[in-house]
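Below, each chain spelled out in residue letters.
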Amino acid sequence: MKLPKKWLCEYVDFNVTDEEFVERMMWRGFELASIDKELQNVSGVITGKIISLEQHPNANRLKVCQVDIGDKVVQILTNATNVFEGAIVPVAYLGAVIGDTTFSKANIRGVDSYGMFCSGHEFGLTEAEYPGAEVDGILILSEDTPLGMDMLKVLQKDDIVFDFDLTPNRPDCNSIIGLCREAAAALGQDMKEPQIKHVKGEGVASAHVSVENPVLCPRYCGRVLKDIKIAPSPKWMQRRLRAMGMRPINNIVDITNYVLVEYGHPMHAFDLSCIADDHIIVRNAQKDEVVTTLDDKQHVMDESMLLIADPKKGVGVAGVMGGLNSEITESTNTVFFESAVFLGSNIRHTSRKLHQVTDAAARFTKGVEPVNALLALERAVELVEELGAGTVVGDVIDVCNADLDERQINVDVEHVNRLLNLSLTGEQMLELLKPIHLYGSAHKDTIKLAIPHYRTDIESGIEADADIAEEIGRIYGFQNIPSVLMHGDTFQGCVSEEYADEDKIKDTLVGLGCLEMYNYNFTSPAALTALQIPNGDERMKYVKLLNPFGEEQSVMRTTLYMGMLTSCARNINRKTGHGRFMEVGNVHFDNSIVLPEERKMIGLAFFGEKESFFTLKAAIIRLCEVMHLPAVRFVKGGCDCFQPGRKALIYSGETLLGEMGQLHPDVQDAYSISQTIYMAELSYLAIRSCKHDKVRFAPIPRFPVVGRDLAVVVDNAVEAQALIDVIKNTPTDLIIDEVELFDVYRGQGVAEGKKNLAFSFTLRAEDHTLTDDEIRTAFDAIILELANNNAPLRQ
Amino acid sequence: MIEELLKIKQDALERLAAAQSEAELQALQQDVFGKGGQLTSILRTMGQLTAEKRAAIGAAVNETKQELEKHMNEARARYKKKAQELRFLREELDITEPADFALPKGALHPMTQTYRTIRDALVGMGFSMFGGPEIELDDNNFTLLNLPLDHPARDMQDTFFVNEKVVLRTHTSPCEIRALQTLKPPFRLVMPGRVFRVDEVDASHSPVFMQMEGFVVDRNLNIANLKGTLDAFVHAVFGDDVKTRLRPSYFPFTEPSAELDISCTICGGKGCRVCKGTGWIEILGCGITNPHELQNCGLDPKEWTGIAFGLGVDRMTSLKYGISDVRYEYENDARFLKQF
């Protein structure tokens with residue numbers, strides 16, 4: 001809300017610096033958005049009189065002027081044709097600023113110039129504001145203008161405008177009067193509240209009003225004016241409207257806008273001659289009833305919307321905008337002023353449904369109140385008379401179903417003190433509340449307060465104590481309440497395992513060289529299709545958004561792959577030189593229950609020369625080790641987004657942890673990725689459910705181990721893991737450990753379609769050092785077992 | 001014989017002095033102490049001597065032996081040291097050559113790091129972790145938080161809808177409802193998570209961001225406690241020099257409501273572009289839990305008081321590290337991520 005300082009000064013004595021005022025308002029809950037000069041782009045331009053005017057010796061179109069700027073005479077060049085000796089003009093002398101230009105001495109074809117003359121354009125002036133402002137040339141000022149005077153003062157545009165952010169609970173401050181009330185309290189003064197003079201009308205008003213839906217329209221006030229003389233509004237009103245960022249139109253429209261700003265209540269003026277039978281009807285619209293609003297937009301209404309109508313037609317969308325058919329024009333003779341209260345939620349609904357966002361609708365949505373509706377109307381009528389814009393007819397028409405009684409609330413003094421950590425008496429509280437017009441009486445444990453009509457935010461129910469605590473808090477000053485740690489019972493604070501495990505997983509992956517990604521949750525069905533996920537797959541059961549930014553962000557991700565791939569592509573294109581990434585994030589599935597199923601997933605993406613299926617596998621195994629997952633296995637299979645034969649499902653025991661693989665070349669193309677990418681996705685829940693909770697110490701072997709190698713020749717299709725299992729499970733008295741594949745060889749010396757696999761392993765016994773015989777027996781048993789499984793020893 | 005011994009000793013010391021290598025020392029050892037060595041030969045002839053002489057010679061031999069061994073050992077140590085010095089010289093590294101990494105540098109996202117710092121500060125004050133889903137009931141996200149349908153403040157947080165009753169949560173505050181419905185007060189909770197708002201992406205907005213909510217319900221809580229708690233964690237995140245300012249504000253789910261400003265982390269409070277010249281930066285909204293919210297969840301607001309605060313981890317991260325554009329935080333450029 002804008003607050004011009006001059007306007008504020010009509011109600012209070014501004015007795016502090018601007019900075020002090022702004023700070024005091026801040027402590028009361030009104031944060032400054034900006035503080036602007038009324039005219040921001042101009043400074044230092046002064047008035048000067050041209051005392052002589054000569055032709056430039058070397059330039060036909062330039063004139064050399066001697067200009068009296070009050071304390072001295074300066075030389076200024078101009079190419080303007082409308083200047084003359086004796087003219088008083090605006091002079092941008094050295095140091096003056098217009099827009100981005102700061103004026104300094106210039107030399108044009110051998111003659112110095114100490115600045116420039118200005119046109120009305122530089123001050124954003126219209127002809128209406130200053131005669132001659134829009135001529136093609138320099139602004140010629142009136143003859144009685146003093147010399148050396150600041151132009152902003154001459155034009156009365158030297159005000160400054162505070163702009164405060166308002167919180168939604170204070171719609172009353174979305175008005176000059178409301179904000180000035182708070183400003184006066186902040187400045188420690190009583191506000192000189194304006195007194196509205198009730199204007200008695202002539203005769204009897206012809207118009208009458210019927211409100212058919214008092215729930216949606218609790219109060220409807222109106223007044224008739226005749227003999228309207230449409231004219232520009234006076235300069236003081238125009239200036240104020242401009243300072244508030246509004247464009248003056250004519251006296252009647254300007255009055256409604258002025259009252260809107262001053263009292264914060266939206267009003268509307270109808271041309272009464274366009275209202276059939278002079279009868280205003282406030283009713284719900286019929287289905288498909290069409291109204292054309294002032295901005296020439298046609299609106300198709302429905303039964304949920306409130307319409308202002310006459311017996312024949314709609315003449316306005318209630319609380320949103322008036323109708324074009326009853327607009328004030330140059331020829332308007334009789335006017336009907338409307339000042340009503342419409343239910344905010346209904347106006348919000350209508351405004352949204354019709355896509356018609358107006359200042360009036362916004363104000364009704366935030367809440368207006370019935371007492372102010374009449375005040376605003378009375379003020380508008382007073383202005384009509386003051387401006388001589390018309391004659392008031394009859395009395396106020398007031399259809400009121402609203403409760404206008406002053407509200408009383410009871411406040412628990414001890415509770416307020418408890419919330420604020422203060423120990424005030426009821427009397428002290430009353431004293432603090434006085435400046436903001438909350439008056440009342442102190443009783444034993446409570447204070448009883450009368451709530452002014454405009455403080456709609458203060459409730460009388462269970463919130464009353466808190467509401468008044470807030471008021472006392474902001475007046476007493478949060479800054480004056482000390483900072484104290486909580487005391488009382490001790491709490492055992494902890495990061496539960498549910499969260500600590502996530503830390504552990506992330507830390508492990510970081511140790512393995514991964515950078516952590518954060519990708520958006522939004523994706524598109526097309527992105528999932530590009531992953532070649534078949535239609536029946538769970539991952540196609542995505543959650544759709546009703547109001548997404550666009551198709552590309554229309555659904556919630558069901559896997560981390562899409563976001564990670566997009567980010568990988570970005571890194572590859574930008575040649576960032578890193579190829580290990582991880583992300584821990586949630587995915588959602590539309591399982592047709594109340595809320596979608598949420599699962600936390602761990603995504604991995606590896607790429608670059610050093611990476612392979614097996615470097616990714618290593619990272620996953622290391623992660624499983626750190627998390628103490630038992631019996632981790634990699635089994636052929638996995639998502640269609642991976643290349644066939646290069647993908648695996650990962651199990652711990654019988655629990656599926658996730659999958660990994662090399663990205664399918666078609667998917668790679670779909671994501672415009674130029675490198676081979678290895679990806680994995682693991683379920684956080686699965687990892688946590690398999691986690692070995694109680695790790696127990698196993699004694700370290702006391703007797704030496706013996707290492708052995710062997711190599712077998714098998715068919716290409718044989719999986720190494722199968723042979724490792726064969727070796728591990730060979731029946732023998734010894735313990736077989738650390739079975740590892742250390743070489744795979746195909747080629748010379750190995751038959752076509754076969755491969756040579758070399759394994760190493762260790763043998764030991766729990767309770768003694770092995771003898772050669774024992775070793776040989778066990779070794780032979782392993783060879784036999786391998787041979788029985790079609791894996792004969794390499795000859 | 002004594003003369004012989006002296007000569008042996010003399011010769012040996014001379015050879016020792018002249019010796020140039022470990023090998024020469026080895027040869028000397030052999031010549032003197034070896035099986036057919038000089039001292040051994042003398043000992044062997046001792047059998048022919050009288051007992052007295054034998055004792056005297058024996059003692060002399062021993063003495064010589066010990067002295068020579070001492071010298072030999074010293075010489076050996078010298079040679080060993082010299083050899084080692086040579087080896088060190090040979091093996092000297094240019095330690096400015098690049099390091100050899102087995103793995104690339106990994107790093108936690110800066111937001112994770114900020115989140116952990118805040119979390120740990122709060123856990124130190126007795127807070128525990130609590131969470132809720134990213135896709136929430138409208139009831140939990142709005143209505144029960146004292147934001148009934150058509151409440152104008154719903155517009156403050158433009159919402160993504162899944163259907164009429166289900167939204168992408170616009171803040172972590174619905175976790176408060178879940179806590180109130182499932183836990184028995186008193187409790188102190190920290191509730192992190194992703195939240196969503198219909199905001200076009202720009203340098204300071206993102207439709208997806210991370211919030212953390214602090215929520216305490218107890219019998220005797222007040223604004224002073226809120227200030228104390230916030231001061232403690234702000235100092236943990238930004239350091240003890242940072243000043244704070246609690247300023248009245250409005251949120252439907254708190255009453256009284258406030259916003260917390262900290263002295264600008266960029267200019268230290270002098271005024272700059274980041275703080276728009278004010279010297280202060282707003283970092284979070286907070287307040288005393290609105291009595292309606294407590295009542296909606298079955299608690300008596302006269303008996304119980306809540307304090308709550310919600311902050312944007314993205315924003316805190318930007319401020320902590322001086323990140324000028326929030327888009328960096330979701331682009332995942334390795335050159336960005338590696339810096340933290």
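Since this is a predicted model, take the numbers as computed values, not measurements.

Caption draft 1: Representation of the overall build of chain A within the structure. Counting secondary structure elements, chain A contains 20 helices and 39 strands. A globule of 795 residues ought to have a C-alpha radius of gyration of about 28 Å, yet chain A, at 42 Å, is considerably larger. When the backbone C-alpha atoms are referred to their principal axes, chain A occupies close to 125 × 85 × 60 Å. Looking at chain A as a whole, 53% of its 795 residues are labelled buried. Put simply, of all contacts in chain A between residues at least 6 apart along the chain, 69% involve residues at least 24 apart.

Caption draft 2: Main features of helix 16 (residues 613-626) of chain A. Residues and elements named next belong to chain A. In this model, helix 16 (14 residues) spans 20 Å end to end at C-alpha, consistent with the 20 Å of a helix rising 1.5 Å per residue. Listed in full, the buried residues belonging to helix 16 are Phe613, Thr615, Leu616, Ala619, Ile620, Leu623 and Cys624. For helix 16, the N-terminal cap is serine 612; the gap from its side-chain oxygen to the backbone nitrogen of phenylalanine 614 is 3.1 Å. In the segment just after helix 16, histidine 628 is the residue with positive phi, at about 55 degrees.

Caption draft 3: Seen up close, unusual backbone geometry. Following proline 185 of chain B, the chain continues to proline 186 of chain B via a peptide bond in cis, the omega torsion being 0 degrees. The residue glutamine 156 of chain A is not glycine, and still its phi comes out positive at about 55 degrees. Along the chain, glutamine 156 of chain A falls in the loop between helix 3 (151-154) and strand 13 (160-165). A relative accessible area of 38% means that glutamine 156 of chain A is categorised as partly exposed. Phi at aspartate 278 of chain A is positive, roughly 50 degrees, even though this residue is not glycine.

Caption draft 4: Fine view of the layout of surface pockets. Residue and element names in this part refer to chain A. In this structure, the second largest pocket encloses a volume near 1800 Å³. Mapped by element, the contributors of at least two residues to the lining of the second largest pocket are helix 16, strand 33 (632-636), strand 34 (642-652), helix 19 (720-728), strand 38 (735-745) and strand 39 (754-764). Counting residues per element, the lining of the second largest pocket draws most heavily on helix 16, at eight residues. Counted by class, the lining of the second largest pocket contains 20 nonpolar, three polar and 15 charged residues.

Caption draft 5: Quick peek at the pairing of strand 6 (residues 73-78) of chain A. Residues and elements named next belong to chain A. Here strand 5 (residues 63-68) runs beside strand 6; their pairing, made up of six bridges, is antiparallel. Counterpart to valine 67 in the pairing with strand 6 is valine 74. Connecting the antiparallel pair strand 5 and strand 6 is a turn made up of four residues, with glycine 70 showing a positive phi of about 95 degrees.

Caption draft 6: Structural detail: the sheet that holds strand 3 (residues 42-43) of chain A. Residues and elements named next belong to chain A. Taken in spatial order, the three strands line up as 3-8-9 in an open sheet, and their pairing is antiparallel. Since the sheet does not close on itself, it has two edges, and those belong to strand 3 and strand 9 (101-102), each with one partner. As judged from the two bridges shared by strand 3 and strand 8 (residues 97-98), these two strands associate in the antiparallel manner. The partner of valine 42 across the bridge, within strand 8, is isoleucine 98.

Caption draft 7: Region of interest: the interface of chain A and chain B. At the junction of the two partners, chain A supplies 86 residues and chain B supplies 101 residues. Taking both partners together, chain A and chain B bury about 7800 Å²; carbon and sulfur atoms supply 58% of that area. The largest per-residue losses of area from chain A upon contact with chain B belong to Met486, Phe491 and Tyr518 of chain A, which jointly make up 11% of the total buried on that side. Summed over the shared surface of chain A and chain B, the result is eight salt bridges. Two residues, arginine 574 of chain A and aspartate 333 of chain B, come together in a salt bridge whose shortest N-O distance is 2.9 Å. The interface formed by chain A and chain B holds 44 residue pairs in polar contact (both at pLDDT 80 or more) in total. Considered class by class, the residues forming the side of chain A that touches chain B number 37 nonpolar, 24 polar and 25 charged.

The rules behind each value
Residues numbered from 1 in each chain as written. Chains lettered and ligands numbered in written order. Predicted model: local features only at pLDDT ≥ 70, side-chain atom pairs only at ≥ 80, totals over all residues. Heavy atoms only, no water. Helix = DSSP H or I, 4+ residues; strand = E, 2+ residues; numbered from the N terminus. Rg over C-alpha atoms; globule rule 2.2 N^0.38 Å. Buried < 20%, exposed > 50% of the residue type's maximum accessible area, 1.4 Å probe, protein only. Contact = heavy atoms within 4.5 Å. Expected span 1.5 Å × (residues − 1). Polar contact = N/O pair within 3.5 Å; in protein donor to acceptor, adjacent residues only side chain to side chain. 1 Å grid on protein atoms, 1.4 Å probe; cavity = no way out; pocket = protein on both sides within 12 Å on 5 of 7 lines; lining within 4 Å. Points joined across faces, edges and corners; volume = space filled by probe spheres on them. Nonpolar A, V, L, I, M, F, W, Y, C, P; charged D, E, K, R; others polar. Pairing = 2+ DSSP bridges. Buried area = accessible area lost by both parts, 1.4 Å probe. Salt bridge = Lys/Arg side-chain N within 4 Å of Asp/Glu carboxyl O.

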